[in-house]
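So the chains spell out like this:
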Amino acid sequence: DGIRDLVRSRGLGDVYKRQAHFRAPLSRHGLIPGIRRLLSRLRKETGTETVLQNQANDAELTEEEEAQILRIVQEALANVRKHSRANMVRVLLSYDNIGRLRLIVEDDGVGMIIAPDDQDSDGHFGLAIMQERAGTVGAELTIESEPGDGTRVAIQLGSADKATAKTPLGERTE
């Protein structure tokens, strides 16, 4: 039902475009280089100022966590490109006060109205995709926005001392 509703509301072309977007190759060099490339592309295509602040150099993620987080960042930046009219976008990696890895994508754009129970509705298809991706790796995703006050997408993932099958956030050497 969800796919049929999407096709009816958005048109088949949009569905194909989104499908191709989410199957596009990810960076094979790590999360940080992948985010840098996404920010660079946004800057070149829109002229939007971009900032990456990495305060979590020692964080380690599984390949699946890294892939899902990079896809969430990709979708958040796609939303900036399409809807926000932002002058600046900042991506921040850090730890929260209980040691969970936190990634924030925030812009100074036009913002939007999101009802508390609307973050995963059909009206915000990209937001629903981000929620689903976060859920697959046990992350908590929150989206805050006010009209005229930009948008903030925050991901909190696990605990800082998780260490099973992890790879550092820095660049891979493969």
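Cut-off values and rules
Residues numbered from 1 in each chain as written. Predicted model: local features only at pLDDT ≥ 70, side-chain atom pairs only at ≥ 80, totals over all residues. Heavy atoms only, no water. Helix = DSSP H or I, 4+ residues; strand = E, 2+ residues; numbered from the N terminus. Buried < 20%, exposed > 50% of the residue type's maximum accessible area, 1.4 Å probe, protein only. Contact = heavy atoms within 4.5 Å. Areas by Shrake-Rupley, 256 points an atom, 1.4 Å probe, with all protein chains shown as cover. Axes fitted to C-alpha atoms, helices over the stretch in contact; angles between N-to-C directions. Parallel < 35°, antiparallel > 145°, perpendicular 65-115°, else oblique. Left-handed = near helix turned anticlockwise from the far one by under 90°. Nonpolar A, V, L, I, M, F, W, Y, C, P; charged D, E, K, R; others polar. Polar contact = N/O pair within 3.5 Å; in protein donor to acceptor, adjacent residues only side chain to side chain.

Undergrad: Account for the overall build of the protein, with residues named and values stated.
TA: Helix and strand counts for the protein stand at five helices and seven strands. If you list the helices and strands of the protein from N to C, you get α-α-α-β-β-α-β-β-α-β-β-β. Across the 174 residues that make up the protein, the buried fraction comes to 45%. Taking as baseline every contact in the protein between residues at least 6 positions apart, the subset at least 24 positions apart corresponds to 70%. When the accessible surface of the protein is summed, it comes to about 9,600 Å², and 48% of that surface belongs to carbon and sulfur atoms.

Undergrad: With reference to specific residues and values, describe the packing of helix α3 (residues 31-46) against helix α4 (residues 63-84).
TA: Helix-helix packing: each pair is described by the crossing angle between the helix axes and the interaxial distance. It is at 10 Å that the axes of α3 and α4 come closest, and there the two elements cross at 10°. Classified by the angle between their axes, α3 and α4 sit roughly parallel to one another. Between α3 and α4 the crossing geometry is right-handed. Of the residues in α4, those touching α3 at L31, G34, I35, L38, L39, R41, L42, E45 and T46 are E66, I69, L70, V73, Q74, L77, V80 and R81. Looking at the contact of α3 with α4, its residues break down into 10 nonpolar, three polar and four charged.

Undergrad: Requested: an account of the side chain of S84, with residues and values cited.
TA: Among the structural elements, S84 can be located in helix α4. One polar contact links the side chain of S84 to the main-chain amide nitrogen of A86, over a distance of 3.1 Å. Contacts of S84, omitting those with residues within four sequence positions, involve N79, D107, G109 and V110.

Undergrad: Would you mind going over the side chain of Q156 in detail, with residue names and values included?
TA: Among the secondary structure elements, Q156 is positioned in strand β6 (residues 151-157). When its relative accessible area of 17% is taken as the criterion, Q156 is described as buried. Within the local environment of Q156, its side chain forms a polar contact with the side chain of R100, the two groups lying 2.9 Å apart. Discounting chain neighbours no more than four positions away, the residues touching Q156 are D96, R100, L101, R102, A139 and E140.

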